[in-house]
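Secondary and tertiary structure notes
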Amino acid sequence: MPLRHCANCVALFLLVSMSACGRPAADVRFDPQQRAGLHAIEMNKPAQGFFKGAVLGNGGMGVIVCTRPDSIMIHLGHNEVWDIRIAENNREKLVTFDELWSRLKRGTPEDKAWFDDYCKMARENYAQPYPRPWPCGSVLLGFDRRKAELLGHCVRIDAGRCEVRFLIDGRPATLVLFNEMNADRLWMRMVDDLGKPIQAPFDRLRLIPEKGMATETASGTDTLSFRQVLPVLGDDRDKDEALRVAVRVKGRIGAPLVQDGPFMACVQLEHGMARILSKPDVKVPEPGEHAFAAASAEATRVWKDYWSLSGVQLDDEFLERAWYRNMYFLNCAVRPGVVCPGLFANWSYKNIGTAWHGDYHTNYNLQQPFWVTFSSNRVDKHLPYVDLVHFLLPVSRDWAKNHYKLPGAFFPHSAYPVEMTMMPYPVPTWGAEVCETPWVVQSLWWHYLYTMDKEFLRDRAFGPIREAVQFLNAYMRRPDAHGPQRKDDRYHIYPTVVPELHGLKVDPAFCADCIVDLTLTKFVFKAYLQACRILGRDREEASLMRDVREILDHFPEYTTAESHRGNVFVSVSGESPEQVYNTPNPLMPVFPGEDIGLHSPKEILEVALNTWHNQRNEGGNELVFLNLQGARLGVLDLEKFKRQINYCLLPNGTCADMVLQAGGRYSDETDYAFMAPMGIWFENFSLPVVVNECLLQSYTGQLRFFPNWPRDKDAAFQDLRAVGAFLVSAEMKKGRVSWIRVRAEVGGPLRIINPWPGKVDVVRGDSTQTMSGELLELDTHAGETFIFRAQS
């Protein structure tokens, strides 16, 4: 197998110590960075393809290190470097929703033909090849194979370093590469087997721009550089952007490359307005020992701090490896203050990373990567998403106002991190998925719940949540959705579109009260009401709060159908229980809706469990999503989950989206791996959240320990974040919870579902109290730590 532990990784035996009386000591901590060190990514041969190369990054700049028998090719990308051209044609041809809907309802042959033509027209802008992530070029380092042999590479995920191994004249040597974590630079140095800097075998150096944009190049004694202009459409040159990349070596660039002592190099990437980055030449730090050491020390500090935030220690090597590797990739892909990553984050080369424009899809793809940020205690990684929500607000407000003639905001199905003056995807099929509006703002409420940060709630979360609620409230009060013609007193979501199934239809059996819409709308309505109370806005929000409560009191039920496995949820009433789904729609009330779970009444939980065993998913959108639903229900088969991860695993350690079955959108002739070469799928970096939910669940406000972890495997976790701003650690050993440690960041009620049958000792500072019962409840203060243990 090309992908395994590094040969020189030393096994760590981190056992939780025992106190003098033989009881487990809950103050023992393991080092997550050391655990990460066990799971380096190694390839013991040249990695000549993009998806075999080493993955590096700093949350802005992305780097792929490909190795060949005669060279190293380094591909550069960046979350903020895009082909910013955008087509915004046909603005005057777009009609209001009322006009579109009236023609659909009339349904004459002429209306049907008009609707087909309208959809084609509305999709013309999206059919253009831009906007898209723009690759930032490549650096090539070549060598004479008679002098050197490239053996392979190893990615040290604990330190964010790539080591490319050589034999130079028969002696081992290593090229060490790492990103600066707060500046867009890549550093390189060649060392011998003792770590001493030495000359490299490189005799040629090339800097290769991506083709397709106007490019200027420059060269100096020790530096190569290029500048590319990334223009807007039209004549406004003041809005043009530019990319500038340079590589500087310790030596002289020529044919051949002449090294001045031990090999060292620095690659620098810059982007910004073209009028500012006006020339191709650029100043790059001199690659000397002092600069290299300073950059290395800072990168080491950043990675140490990152790993200190939380960790897991599992008696399951595969799942522990998946946890640490994907947390590593997450840190490479996203960083506060940098533009939110798209589908394929900050790695691109030629057309890799450009499928579906590499954009933001708001019916799960955009949201999923950030699910892991909360329980894994990396909440700052969610901030680029928050910034994006605010960036999308103007175009979303405009669409609600001018298309729907309703207040609030309707968020787009697809969007880009470039200037948009109209809805980027106005197609009335997937573009009419009502669920996307509550889904976009949902995690803003999670951010508050997991941090209890009232300032964030007031300044960043409440506004977008309120605007989503304004739209949903008005939409559900339209005559088509509520009133005498509905023959009940419910407020319906009609029409709508099931996520990428059925399209926009008049028949309410396929386009009303989609289970995804219902559960997410209910979630956001309740979040809005709670936020109003927390922020003291009851008086100024009284009217909208009253409307929301009225709708919740007359809310549609989730639709069910009878299957061979019993009563199951379906996404709309017209669906068969044998429907093959694109996304795991029927269990959306379990997640992300968080309305159904282990806390639910027996009869509701039974329907959810039947649905889990019955639903059919075509693949490509479910690796994290579906398995997270199973973990929330406590029925996820971890061995099957591991096999699915392995099915999706690429040589670089990331997981692709892979097809699972025909019968839906895919046929027996479909290439089941057709999505794998599209790019590095950012969404799957959220895989650790599935493991987290197997170890700890807190979404109900009660902490439930090891709800989906096998009793025959030991496990421990450290500082997972829980609702209420609690940092939680615990250990299970020999099928029994050994201890629990909880630190309150903010303070407030702490509720623990008691994992022990008898009395429990609770250590609070210098005092110990005894508690018992199914639910352990305490009032906490900021900074307090509690330790829970079963009495002997």
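Residues numbered from 1 in each chain as written. Predicted model: local features only at pLDDT ≥ 70, side-chain atom pairs only at ≥ 80, totals over all residues. Heavy atoms only, no water.

1. Topic: the overall build of the protein chain
- Regarding its fold elements, the protein chain presents 16 helices and 35 strands.
- The C-alpha atoms of the protein chain give 28 Å as radius of gyration, which agrees with the globular expectation for 792 residues (28 Å, within 12%).
- Based on the C-alpha atoms only, the size of the protein chain along its principal axes is roughly 85 × 80 × 55 Å.
- Expressed as a percentage of the 792 residues in the protein chain, the buried residues total 63%.
- Pairs at least 24 residues apart make up 67% of the contacts formed inside the protein chain by residues separated by at least 6 positions.
- In the protein chain, which carries 89 positive and 97 negative side-chain charges, the distance between the mean positions of the two groups comes to 3 Å. (Helix = DSSP H or I, 4+ residues; strand = E, 2+ residues; numbered from the N terminus. Rg over C-alpha atoms; globule rule 2.2 N^0.38 Å. Buried < 20%, exposed > 50% of the residue type's maximum accessible area, 1.4 Å probe, protein only. Contact = heavy atoms within 4.5 Å. Lys, Arg positive; Asp, Glu negative; His and termini not counted. Charge placed at Lys NZ, Arg CZ, Asp CG, Glu CD.)

2. Description of the layout of surface pockets
- Its boundaries defined by the atoms lining it, the largest pocket holds a volume of some 580 Å³.
- Lining the largest pocket are 27 residues, with Leu449, Gln530, Tyr699, Thr700 and Gly701 positioned closest to its centre.
- Those elements giving two or more residues to the lining of the largest pocket turn out to be helix H8 (436–451), helix H11 (515–534) and strand E31 (747–753).
- Per-element accounting of the lining of the largest pocket gives the leading share, 7 residues, to H11. (1 Å grid on protein atoms, 1.4 Å probe; cavity = no way out; pocket = protein on both sides within 12 Å on 5 of 7 lines; lining within 4 Å. Points joined across faces, edges and corners; volume = space filled by probe spheres on them.)

3. Details of empty space enclosed by the protein
- A full pass over the atoms with the stated rule returns 8 cavities of 30 Å³ or more.
- Counted as a void, the largest cavity has a volume near 100 Å³.
- In terms of lining, the largest cavity is formed by Trp371, Phe374, Ser375, Trp446, Tyr450, Phe591, Glu594, Leu628, Arg632, Val689 and Glu693.
- Of all elements in the fold, only helix H6 (372–375), H8, helix H14 (625–633) and helix H16 (688–695) reach the threshold of two or more residues within the lining of the largest cavity.
- Tallied by class, residues from the lining of the largest cavity come to 7 nonpolar, 1 polar and 3 charged. (Nonpolar A, V, L, I, M, F, W, Y, C, P; charged D, E, K, R; others polar.)

4. A word on the sheet that holds strand E15 (residues 241–249)
- With antiparallel pairing, the 9 strands of this open sheet are ordered in space as E1-E8-E9-E10-E11-E18-E15-E14-E13. Two strands bound the open sheet, and with one partner strand each, they are strand E1 (41–43) and strand E13 (215–219). Averaged over all pairs of adjacent strands, the angle between their axes in this sheet comes to 15 degrees, without regard to strand direction.
- Contacting strand E9 (161–168), strand E10 (171–179), strand E11 (185–192) and strand E18 (264–273), helix H4 (residues 289–307) runs over the sheet at an angle of about 110 degrees to E11. (Pairing = 2+ DSSP bridges. Axes fitted to C-alpha atoms, helices over the stretch in contact; angles between N-to-C directions.)

5. So, the packing of aromatic side chains
- Using the criterion set out here, one finds 48 aromatic pairs in the structure.
- Considering the side-chain rings of tryptophan 446 and phenylalanine 591, the 5.7 Å spacing of their centres and the 10 degrees angle between planes classify their relative orientation as stacked. Highlighted residues: tryptophan 446 in helix H8 and phenylalanine 591 in the loop between strand E24 (580–581) and helix H13 (602–614), separated in sequence by 145 residues.
- Residue phenylalanine 591 is classed as buried on the basis of its relative accessible area, which comes to 3%.
- An aromatic cluster is present here, built from Trp303, Tyr306, Trp307, Trp323, Tyr324, Tyr328, Phe329, Trp347, Phe370, Tyr385, Phe682 and Phe685 joined pairwise through their rings.
- Over the ring of phenylalanine 178 we find arginine 161, and its NZ or CZ is 4.6 Å from the ring centre.
- A cation over an aromatic ring shows up here: arginine 478 above the ring of tyrosine 475, its NZ or CZ 4.4 Å from the ring centre. (Phe/Tyr/Trp six-rings, centres within 6.5 Å; stacked < 30°, edge-to-face > 60°. Lys NZ or Arg CZ within 6 Å of the ring centre and 35° of its normal.)

6. A short note on the environment of valine 379
- Summarising the element assignment, valine 379 is placed in the loop between H6 and helix H7 (383–402).
- Placed 71 residues apart in sequence, valine 379 and tyrosine 450 show a C-alpha to C-alpha distance of 8.3 Å.
- With residues near it in sequence (within four places) discarded, valine 379 still touches Thr373, Phe374, His447, Thr451 and Arg721.

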